[in-house]
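Structure assessment
Listed below, chain by chain, are the residues.
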Amino acid sequence: MLPTHTLPAETWFRVLAFAFAVPPGSISIEERKARAGLLRVSKTFKNLASPLFYAYPHFSTPSTLAEFTDILQASDRAWDSLRRIPYSTPGRWVQALDLSRVSCTTAAERLAVDTMLTQLFPLTPFLSRLVLNSTVRMSRRAMAALTAREGAGLLQVLKGIKWVGAGMTMWSASGEDPLLALVRVSVGLEELEVFGPGLLDDDDDDGAMTPQLTTPPPTPLPPLCLPKLHSLMILSLPKSPLLASLVRSPLPSLRHLMVTPYDGVPSAHTSALIAAHGAALHTLAFHTPKTWPPIRAATPPTLLHTSPHLRALSLTFPLPPLVAPPPAPAKGHPLRVLSLPRPDPTYLYKLEAWLYLGLLQCLEEVHMRDVRWIRAGLSSRAAEAGVQGDMQEWKRRLGRWRVRVVDVSGKEDAL
């Protein structure tokens, strides 16, 4: 169907924007092909739909990323420097690079993806979102390309970044750790997700990807300026130059934090991070990745004191001996949701006592992440055995205070 000329271009653009509203990763292959077909309907449709088509590209394999890189490089080489707009198309239309489904199984694939990212970053000046797969690890050169590109301050979401560890880091030309230098220039960051060396393959030996330390660590640098950062996730990273800078930096918008607990580990920065920014947090989650040997670091016991505005708290084993929240007017501590791996009798007694004393009057739900209610059809005796019996006891005793006990699926009905 050819577009009618009775409608203005602005109207057609709004229609096409509605058609492209759903992200490419959430639609079927047929729908993605239909979107690509819109570029071939007419010249008008191509001019209107191209910015929408390239804004949020979808990548499922390294080969699709290679095709995309070739298109942007070829267009940039053919771009006339005398044009009014200094940035080539379609590179300047790209707003997000989502590589969450691009899995690299070999060192050659990892190196190829890293090379393509190094080539893409200078061609995407308006990139605001970068999400990497857990198998992709950016090298120092890729981080330098992302740091030095025009529009670095426009980056809003940075997820899946891996820090390879101080023993394998080469300092950047400015004297900073490459990841720290990247975050420093990304003043518009709203979400940051970093994984530490605990999630890396220690047997990897890629010289280009993990350069050796060649200069001594730099002297302390000024604090970071991240006024919009509201969500921070730091996993398997007890210490790093970035963490040390985050502890010293003001983060006025930070409301959601997820970390791996390392309380008691010498020189670890995670507890200091919570102490520095816990007062403004609404959500605090502790996550211990499944590694061997398992991580048994403790969680700070004073969380309800350092985070007086916390609405949701998620704990992991070993559970900390939480200190009772301080007495407060009105309804006490504002904690509404407490998430635990499994029922623990010590916590049941604590919660009952704190509810009785009016210290947790806002508590509405206790979530058991690793437990599922017994399915319908089994006997009532089976529902009272083992962990199911513990869940029933929690439900009965906390129900007096109108606190729901839900399982991994969010259900509160046993049968």
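Scroll up a little and you will see the structure.
A brief look at the structure comes next.

1. Looking at the pairing of strand β10 (residues 365–368)
Both strand β9 (residues 337–340) and β10 contribute to a ladder of four bridges, which runs parallel. Considered in β10, the bridge of L340 is made with M368. Since β9 and β10 lie parallel, the crossover through helix α11 (residues 345–356) that links them has a hand, and here it is right-handed. Note: β10 against strand β11 (residues 404–406), three bridges, orientation parallel. Residue H367 lies in a different strand from β11, and its bridge partner there is V406.

2. A look at the nonpolar core
Counting residues in each nonpolar core, the largest one holds 81 residues, and the members touching the most others are M138, L313, L315 and W394. The element best represented in this core is α11, accounting for five residues. Not counting residues within four places of it along the chain, the set of residues in contact with L315 comprises F286, T299, L303, P320, L322, L338, S339, L340, P341, Y347 and R369.

3. Overview of the environment of A9
Looking at where A9 falls in the secondary structure, it is placed in helix α1 (residues 9–19). Sequence spacing of A9 and F45 is 36 residues, and the spatial spacing of their C-alpha atoms is 9.0 Å.

4. Observations regarding the pattern of salt bridges
One pass over the structure, following the stated rule, counts seven salt bridges. With a closest N to O distance of 2.9 Å, R336 and E364 form a salt bridge. Of the two residues, R336 is situated in the loop between β8 (312–314) and β9 and E364 in the loop between α11 and β10; the sequence distance between them amounts to 28 residues. On the basis of relative accessibility, which here comes to 36%, the residue R336 falls in the partly exposed class. A single network of salt bridges, built from pairs that share partners, joins E352, E393, R396 and R397.

5. Thoughts on unusual backbone geometry
Across the chain, the bulk of peptide bonds are trans and the bulk of non-glycine residues have phi less than zero. Geometrically, the link from T89 to P90 is a cis peptide bond, its omega value of 10 degrees lying close to zero. Checked against the element boundaries, P90 lands in the loop between α4 (62–77) and β1 (96–99). Note that the residue after F317, namely P318, is joined by a cis bond; omega there is -5 degrees. Along the polypeptide, P318 turns up in the loop between β8 and β9.

What counts and what doesn't
Residues numbered from 1 in each chain as written. Predicted model: local features only at pLDDT ≥ 70, side-chain atom pairs only at ≥ 80, totals over all residues. Heavy atoms only, no water. Pairing = 2+ DSSP bridges. Helix = DSSP H or I, 4+ residues; strand = E, 2+ residues; numbered from the N terminus. Right-handed = clockwise from strand over helix to strand, strands pointing away. Core = buried A, V, L, I, M, F, W, Y, C linked by side-chain atoms within 4.5 Å. Buried < 20%, exposed > 50% of the residue type's maximum accessible area, 1.4 Å probe, protein only. Contact = heavy atoms within 4.5 Å. Salt bridge = Lys/Arg side-chain N within 4 Å of Asp/Glu carboxyl O.

Remember, this is a structural readout, not a statement about activity or role.
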